[in-house]
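# Coordinate analysis (summary)
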Amino acid sequence: AGTFNSGLLLFRATAAGRRFAAQWHRNVASPERGSRFWGKTSDQQVFNAMVRRERQWPGVGGRRGEWIMRRLHEDWDGNLSLGALPLPLFMNGHGYFVQAAHRSLQVSPFAVHATYSLDNHDGVAKRQRFREAALWAADPPPRPEARYLALNFSTPPLVQTKIDKYGRANAANIDVHSAALNAYVAELRDALALARATGR
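Residues numbered from 1 in each chain as written. Predicted model: local features only at pLDDT ≥ 70, side-chain atom pairs only at ≥ 80, totals over all residues. Heavy atoms only, no water.

Take the environment of Val98 next. In this fold, Val98 is placed in helix H3 (residues 93–98). Placed 33 residues apart in sequence, Val98 and Arg131 show a C-alpha to C-alpha distance of 15 Å. The contacts of Val98, once residues within four sequence positions are left out, are Gly93 and Arg129. (Helix = DSSP H or I, 4+ residues; strand = E, 2+ residues; numbered from the N terminus. Contact = heavy atoms within 4.5 Å.)

For the coordinates displayed, the defined rule picks out 6 salt bridges. In this structure, Arg53 and Asp77 form a salt bridge, with 3.0 Å as the shortest nitrogen-oxygen distance. Of this pair, Arg53 sits in the loop between helix H2 (43–51) and strand S1 (90–91) while Asp77 sits in the loop between H2 and S1, and the two are 24 residues apart along the sequence. For Arg53, a relative accessible area of 15% puts it in the buried group. Judged by relative accessible area, which is 33%, Asp77 ranks as partly exposed. (Salt bridge = Lys/Arg side-chain N within 4 Å of Asp/Glu carboxyl O. Buried < 20%, exposed > 50% of the residue type's maximum accessible area, 1.4 Å probe, protein only.)

In structure tokens:
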């Protein structure tokens, strides 16, 4: 198990679930000085410190193919069940925005988490990701007189060649990411110039 992401969580309203949520809040908001939670910089770090056994990696256990984790931290082991939400229904950012797994699996997720993005993964970048996927409905309605230019990014032949090459080798390569980023930036530059020239 890698790092547990606390972006999408579902708590059952059991006594143990409520107790864990309350303790998690205390450990984030006012951790005891000198405790293993002191100095943690995010709720996600505190969550992982709470459920993993100390000085062990990964600090939790589970049988292959099972979604319930075993051997939690001694504070919670035997008193709390920790499981993984099914990815097709609770998608991370890479699965939804990059892999478009919901299309190949033909499912409609209950929730999508805008995980790490290159723009310092702040709120502005995450909201924009949702907008581009038509998943953001909190903006005011557009002005009736406004005109926009829609851009659908393509995959340039050079980038597709690199994807095919490294895809067959089942190897990740920074050259693919670099080529794709350069191509997308160039395409965005051209679209911005066209939008400006046409008054969009």
